[in-house]
Amino acid sequence: MEELMQKNLKVLEKQFPGICEIIEEKKAELLKKEQLILEEETAFTGERILAVKKAGRRLYLAGRRDPKAHPINQISVLGKIVPYAPIFILGMGNIHYLEEVLGQTEKNVVVLLYEPLFSVFYKQLGQIDFGKLFGKQTVALVVEGINEDGLENMVGAMLFGDKIPVMKYFVLPNYVELCGKQVSWFLEVLAKKSRQYYMGLGTRRLFSPYQAENFYHNVGYLQTGYKAFQLLGKIPSNVPAFVVSAGPSLNKNIKELKRAKGKSFIIAVDTAVKPLLKAGVEPDMFATLDGAKPLKLLEMEQAKSIPLLTQVTAAHKIMDYHTGKKFFYDEGYKYVRGLFEMNGKKLEGFPVGGSVATLAFSLVCHLGIRKVIFVGQDLAYTDNKSHADGTFQDKMPEENTERFIRVPGNYVDELPTLSNLNEYREWFEKYIEWWSAGHEVEFINATEGGARIEGTTLMPLAEVIDRECSEEVDVRSCIDGLEPVFSVEEQEKINNYFRDTPQKAHEIVSLAREGKKIYRQLDKLCRKGAVDKQAYAKVLKRVKRNRKKIEGNPNYELMQESMVEAEQIIRSGQYFERETIEGEGIELARQGQKYMELLEECADIVEQVAKETVGKAGLETE
């Protein structure tokens, strides 16, 4: 036993450098803390199995009759493990789960094994040969008390993109009884990463119909607009910045912000603009990014001229209504970057976090401001309300929050919230930790209610203003003095670029039609029977060339977002292998033809939208 344990420790040290030192340092403490009574038995098949004595019961970690039967059956029920699928196993009390997974899969499958009971892990060090398990394929090992802090990051790395629909997970027998808290945490980590993926997918599905219309309608504003980073050095970094959101707590202290005006930089989210203006507070800037945000939330004459932080896919009705300076950042669109590159310029980007509040906050950080204050950033249903009064309704109603999740509060132990709001809360916490490591900045939470944001100092708004707002500053003059990014000559070059857009979109229509023909040829080739491999490879090269031309078109990215559902179907299918090259080719042809049909349809719509918007650029002056 001792010899095998030392051999296993060497295997672990090679795979996970430094782990042996941690095990040696913590083993006595962890074994004493758990105080598990572990006993060995022999199964009917002659194999050793582990059992735990708890409250007069004997809890087996593997089947007494046949330890291999349960993993074989469960894996069979969950279905085929496809190539590149991420696999998660909780518990190593029955090591046959891991053995069976490794035996059924190829080397490209990545497995994470989480053992929440250190006692079980330590016992198995002297019972099983880790070299046979960790030497063949990629197996990440997480042991409670040793390296569980890294589990969430590992799960996130394994569940990137479209891997979530093909993942598998197993919770071994009796672990719920023995360590229910750790099992719940493990499953919540998997659920959280899955929610983030599907929430992003759902958001894209929700807004994709608006994307093309908003994009080509709004991109013209970039021509005479401004870059967010033009504010760097113009907004004094020694004055405090108030990031004002529309949480229900805003009603408690909104009038205090009058005293901060002219002595700070006040940036509000779009939903907070109306309540602020009605309270006699005009923010120095507001932010909007939602592609479907209703205009009525901002429909006040005074709101029109307030400087705006935004993006090209924001709701075009709001962009048209707004007459003031518009500030943009890089969202990653090749089409937009082309405007800047043709004029030898660059549009900078920065992390935005996915919500209008995280966008406003991130900008403030990147402007180098050293005092950042949250107001109305509840991220929860304070008093069971979703927003401040005067946002969506004059008096916001109370809602039934019984089934909501609970999070720590600023002034109460806990309060209800939604999973997406909690995701944003965690984003703020991580961003604050990251930003604080490299910058001298203080984050203050003056939200008089709401959820706790770690890394902030809790303080009433009146006290913050008394302490921080001492110097006069005319932010409006700072912003008014800025010139548009592009000169008149550069704007004319952009007009030519705009007018060429419908033709560029039509090129994708033509390429999609060509792509359908290629895939039909592939289908025909594979249905003949024995496939000519040389001919097969030749068709695949044509597929790649066609796809490369499509992806090189500056309008393609937007079309890709508009076709998110089709893209998801095709991408999730790429991990399922067919038995023969013929079957694989027929399935590839089926997916490809469907994709090209949808692309042609989408490109045709984009072409028409572009004709009615950027295609007319500058024509009214000619």
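Cut-offs applied
- Residues numbered from 1 in each chain as written.
- Predicted model: local features only at pLDDT ≥ 70, side-chain atom pairs only at ≥ 80, totals over all residues.
- Heavy atoms only, no water.
- Helix = DSSP H or I, 4+ residues; strand = E, 2+ residues; numbered from the N terminus.
- Buried < 20%, exposed > 50% of the residue type's maximum accessible area, 1.4 Å probe, protein only.
- Contact = heavy atoms within 4.5 Å.
- Areas by Shrake-Rupley, 256 points an atom, 1.4 Å probe, with all protein chains shown as cover.
- Axes fitted to C-alpha atoms, helices over the stretch in contact; angles between N-to-C directions.
- Parallel < 35°, antiparallel > 145°, perpendicular 65-115°, else oblique.
- Left-handed = near helix turned anticlockwise from the far one by under 90°.
- Nonpolar A, V, L, I, M, F, W, Y, C, P; charged D, E, K, R; others polar.
- Phe/Tyr/Trp six-rings, centres within 6.5 Å; stacked < 30°, edge-to-face > 60°.
- Lys NZ or Arg CZ within 6 Å of the ring centre and 35° of its normal.
- Pairing = 2+ DSSP bridges.
- Core = buried A, V, L, I, M, F, W, Y, C linked by side-chain atoms within 4.5 Å.
- Salt bridge = Lys/Arg side-chain N within 4 Å of Asp/Glu carboxyl O.
- pLDDT = per-residue confidence, 0-100.

(A) Spotlight on the overall build of the protein chain. Assigned secondary structure in the protein chain consists of 23 helices and 18 strands. Within the protein chain, buried positions represent 52% of all 622 residues. A separation threshold of at least 6 residues defines the contact pool for the protein chain, and within that pool the share at least 24 residues apart is 72%. As displayed, the protein chain offers around 28900 Å² of accessible surface, 50% of which is attributable to carbon and sulfur atoms.

(B) Inspection of the packing of helix α19 (residues 501–526) against helix α20 (residues 533–552) at higher detail. Two elements in contact, α19 and α20, have axes separated by 10 Å at closest approach and are oriented at 165°. Judged by the angle between their axes, α19 and α20 are roughly antiparallel. Both α19 and α20 take part in a crossing whose hand is left-handed. Along its contact with α19, which presents Ile508, Leu511, Glu514, Gly515, Ile518, Tyr519, Gln521, Leu522, Leu525 and Cys526, the element α20 presents Ala535, Tyr536, Val539, Leu540, Arg542, Val543, Asn546, Lys549 and Ile550. Classifying every residue of the contact of α19 with α20 by side-chain character gives 13 nonpolar, three polar and three charged.

(C) Spatial organisation of the packing of aromatic side chains. Summed over all chains, the structure comprises 27 aromatic pairs. Taking the centre distance of 6.5 Å and the plane angle of 50° together, the rings of phenylalanine 121 and phenylalanine 130 count as tilted. Since its relative accessible area comes to 0%, phenylalanine 121 is described here as buried. Taking the relative accessible area as the measure of exposure, phenylalanine 130 reaches 0% and is therefore buried. By way of ring pairs, the aromatic residues Phe361, Phe374, Trp427, Phe428, Tyr431, Trp434, Trp435 and Phe443 are connected into one cluster. Taking the ring centre of tyrosine 321 as reference, the NZ or CZ of lysine 304 above it sits at 4.9 Å.

(D) Looking closely at the environment of proline 554. Mapped onto the elements, proline 554 comes out in the loop between α20 and α21 (556–562). For the pair proline 554 and tyrosine 333, spaced 221 residues apart in sequence, the C-alpha separation works out to 7.8 Å. With residues up to four places along the chain from it excluded, the contact list for proline 554 reads Lys334, Tyr335 and Tyr497.

(E) View of unusual backbone geometry. You will see that leucine 379, though not glycine, has its phi angle at about 55°, which is positive. As for its placement among the helices and strands, leucine 379 is situated in the loop between β14 (371–375) and β15 (405–408). On the basis of relative accessible area, leucine 379 is assigned to the buried category, the value being 7%. Despite not being glycine, aspartate 383 shows a phi value in the positive range, around 55°. Residue class for aspartate 383 comes out exposed when judged on its relative accessible area of 52%.

(F) Quick peek at the sheet that holds strand β8 (residues 226–227). Strand order in the open sheet formed by nine strands is β8-β13-β12-β11-β10-β9-β14-β17-β18, and the pairing between neighbours is parallel. Every interior strand has two partners, whereas the edge strands, β8 and β18 (457–458), have only one. Sheet strands touched by helix α14 (residues 356–366): β9 (241–244), β10 (265–269), β11 (285–287), β12 (308–310), β14 and β17 (442–445). Its angle to β10, the strand with the most contacts, is close to 160°.

(G) Highlighting the nonpolar core. Core analysis: the largest hydrophobic core is formed by 70 residues, its most contacted members being Phe242, Val244, Phe265, Leu309 and Phe361. When residues of this core are assigned to their parent elements, the largest contribution, eight residues, is made by α14. Apart from residues lying up to four places away in sequence, phenylalanine 361 is in contact with Val243, Val372, Phe374, Trp427, Phe428, Tyr431, Ile432 and Phe443. Counting 58 residues, the second largest nonpolar core, distinct from the first, contains Met5, Leu98, Val120 and Phe170.

(H) Layout of the pattern of salt bridges. Within this structure, the stated rule accounts for 32 salt bridges. Notably, a salt bridge pairs aspartate 284 with lysine 261, separated by 2.8 Å at the nearest N-O pair. With aspartate 284 in the loop between α11 (273–278) and β11 and lysine 261 in the loop between α10 (250–253) and β10, this residue pair connects regions lying 23 residues apart in the sequence. Given a relative accessible area of 6%, aspartate 284 falls into the buried group. A salt bridge links glutamate 607 to lysine 611; its shortest N-O distance comes to 3.6 Å. You can see glutamate 607 and its partner lysine 611 sitting in helix α23 (residues 581–612), four residues apart, about one turn around the helix. The network of salt bridges with common partners includes Lys371, Glu442, Arg467 and Glu468.

(I) Molecular detail of the side chain of threonine 401. Position of threonine 401 relative to the elements: it lies in the loop between β14 and β15. Of the residues examined, threonine 401 reaches a relative accessible area of 6% and is grouped as buried. Ignoring anything within four residues of it in the chain, the contact list for threonine 401 reads Tyr381, Asn384, Arg406 and Pro416.

(J) Molecular detail of the confidence of the model for the protein chain. Per-residue pLDDT for the protein chain averages 86, and the proportion of residues at 70 or more is 90%. Confidence over residues 199–207 falls short of pLDDT 50; this stretch has 13 contacts with residues more than four positions distant or in other chains. Confidence over residues 568–578 falls short of pLDDT 50; this stretch has 26 contacts with residues more than four positions distant or in other chains.

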